[in-house]
Amino acid sequence: MQFGMELNQYQSLKLTLTPELRQSINILQYSSHELIDFLKQQAVENPLLEIKENNSMDFVTRNYNKTETNYSAYNNVDKDYDPIIHYSDTIMTLEKHLLEQIMTNNDITKAQKQILRFLIGHLNQYGYLEIEPATAAHILSVSMEEMEESVSLLQSLDPIGVGARDLKECLLIQTATQQDSHPLAYPIIEHHMEDLAAKRYHKMAKQFNVTVQDIQKAADFIKTLNPRPCSEYHHEMTQYITPDVIVEKVNDEYLIIVNDSMIPQISIHPIYKNNAMKKAEDYIKRKQHEVSMLMNGISQRKYTLYKVTEAIVEMQKDFFQFGMTKLKPMTLKDISEQLGFHESTISRATSNKYIQTQHGLFKVKDLFSTGLSRKNSLENESAVVIKEKIKDLIDKENKEKPISDQMIVELLMKNGVQISRRTVAKYREEMGIPGSSKRKRY
């Protein structure tokens, strides 16, 4: 055997992603907000790119009874509306609310007020005390007696439950202050929290020598208590969702709007369009090409979103007319085959996208689901529809004798729906509905 090096030449075909195609793919999978951020970043990197706010959105109307396609424009009628004017900065924080109470209470000494300020600074966003009294006493160089008294003062403030060190103490504080509290509520919270969570009503009834109905009433009262009594003072940033596509029914026509009202318009800055600087000519041409690629990518995104939505509307006419109960099984492959697009393209076009309909705002991906077969029928039912039917059966059940998962299977079978008990249990858990034993009322 002879070893050595040699040079061979051969031909092969392989698919490569050009920069234009790669950017087009990225733009397609962006949501409206992500696309805005991307364009702003591109404007920072490319001096030729000019962006300006868009005050209107173009849409396309498809008449399903005719073959023609009409183009129109939708103008924003609320151009003069400024949401900042209607925003109030007078938000009452938990700290401010508690400090106002202690500062206006003449029965609280100056030393106690100092301790209370320290403790208030160690409350979490839900009002629970996150520092041990012993640690606080050591830091402030006060006795444990003074610290425990101050903690009690804190727990006497509004809202009731503030200053608790854990959930049990929070519920006990609320129970002790309510005149109409159930007599069994306090001892159940103090000694049987695990049994209460597991709904071991018979065990507790035996230990307290009362009826199961008495335990049920105590549990009902405990459910009225607030495990997070200070949550109303916790203000999180409001997250607004902008639909990427809007579908409206006008008479017998469906209006499909690719909502680009928030997406800024982009163009090449005028001073660079006819620039004759020889030294920068190559740089300017390269940056002009990048802007053109960006504009083409945005146009392609709009076209793809429209075509995908059009195909979804065509397949889900009953859903757009009647709502979720009429949603049919539909997969990415179904839309892919209908449009002749690759399945990955459909996936990118529907990822992180929202669609506005007359029945509400939905994630586009939520309209896709597998189906279960119907007995003696060629049709399938969407998993979403099956979940609604399961929920409806449970809502109408006798709470003293809840129906089991097997009974749900049998009831659905009578309606022609083929489903296993395991699938029923899976759908029930996905909807956050407990099993029959934990739904029972006494």
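Residues numbered from 1 in each chain as written. Predicted model: local features only at pLDDT ≥ 70, side-chain atom pairs only at ≥ 80, totals over all residues. Heavy atoms only, no water.

Going by the annotation in an unreviewed UniProt entry, the name recorded for the chain is RNA polymerase factor sigma-54, with Niallia endozanthoxylica given as the source organism. The UniProt entry for the chain carries the following comment under Sequence similarities (unreviewed entry): "Belongs to the sigma-54 factor family." (UniProt positions renumbered as here; feature names shortened; annotations may be inferred.)

Q: Go over the pairing of strand β6 (residues 265-268), please, and point to the residues and values.
A: Side chains I266 and I268 of β6 all project onto a buried face; the interleaved residues Q265 and S267 project onto a face where none is buried. Relative to β6, strand β1 (residues 49-52) runs antiparallel, the two being bridged by four bridges. Directly across from E50, in β6, lies its bridge partner S267. (Buried < 20%, exposed > 50% of the residue type's maximum accessible area, 1.4 Å probe, protein only. Helix = DSSP H or I, 4+ residues; strand = E, 2+ residues; numbered from the N terminus. Pairing = 2+ DSSP bridges.)

Q: Just give me the short version of the nonpolar core, but keep the residues and values in it.
A: Counting 27 residues, the largest nonpolar core has V247, I312, F320, I335, I355, L367 and F368 as its most contacted members. At the level of elements, β4 (245-250), β5 (253-258), α13 (281-315), α14 (317-322), α15 (332-339), α16 (343-350) and α17 (383-395) are the ones that each hand at least two residues to this core. (Core = buried A, V, L, I, M, F, W, Y, C linked by side-chain atoms within 4.5 Å.)

Q: Quick rundown of the environment of Q316? Include the residues and the values.
A: When you line up the elements, Q316 lands in the loop between α13 and α14. Assessed through its relative accessible area of 1%, Q316 is described here as buried.

Q: Quick rundown of unusual backbone geometry? Include the residues and the values.
A: Between D158 and P159 the backbone carries a cis peptide bond, its omega angle lying at 5°. Structurally, P159 is set in the loop between α6 (144-155) and α7 (167-177). Non-glycine residue S141 carries a positive phi angle of around 55°. Looking at where S141 falls in the secondary structure, it is placed in the loop between α5 (133-140) and α6. Relative accessible area serves as the criterion here: at 65%, S141 is assigned to the exposed category.

Q: With reference to specific residues and values, describe the packing of helix α3 (residues 94-103) against helix α4 (residues 110-120).
A: Relative to each other, α3 and α4 sit at 170°, their axes nearing to 11 Å. Here α3 lies roughly antiparallel to α4, going by the angle between them. On α4, the residues that touch E95, L98, L99, I102 and M103 of α3 are K113, L116, R117 and I120. Broken down by class, the residue content of the contact of α3 with α4 amounts to six nonpolar, no polar and three charged. (Axes fitted to C-alpha atoms, helices over the stretch in contact; angles between N-to-C directions. Parallel < 35°, antiparallel > 145°, perpendicular 65-115°, else oblique. Contact = heavy atoms within 4.5 Å. Nonpolar A, V, L, I, M, F, W, Y, C, P; charged D, E, K, R; others polar.)

Q: Account for the confidence of the model for the chain, naming residues and giving values.
A: Chain-level statistics for the chain give a pLDDT mean of 83 and a share of 83% at 70 or above. Contacts of residues 56-89 to residues separated by more than four positions or lying in other chains number 53 contacts, the stretch itself having pLDDT below 50. (pLDDT = per-residue confidence, 0-100.)

Q: Tell me about the pattern of salt bridges, residues and numbers included.
A: In total, this model carries 16 salt bridges according to the counting rule given. For D392, the salt bridge goes to K396, with nearest N and O atoms at 3.3 Å. Residue classification places D392 among the partly exposed residues on the basis of a relative accessible area of 34%. Using a relative accessible area of 65% as the deciding quantity, one classes K396 as exposed. (Salt bridge = Lys/Arg side-chain N within 4 Å of Asp/Glu carboxyl O.)

Q: Explain the state of the cysteines to me, using residue names and the numbers behind them.
A: Inspection of the entire model under this criterion finds zero disulfides. Not engaged in a disulfide, the cysteine C170 finds its nearest cysteine sulfur in C230; these two sulfurs lie 7.5 Å apart. Residue class for C170 comes out buried when judged on its relative accessible area of 0%. Its relative accessible area of 0% is what places C230 among the buried residues. (Disulfide = S-S within 2.5 Å.)

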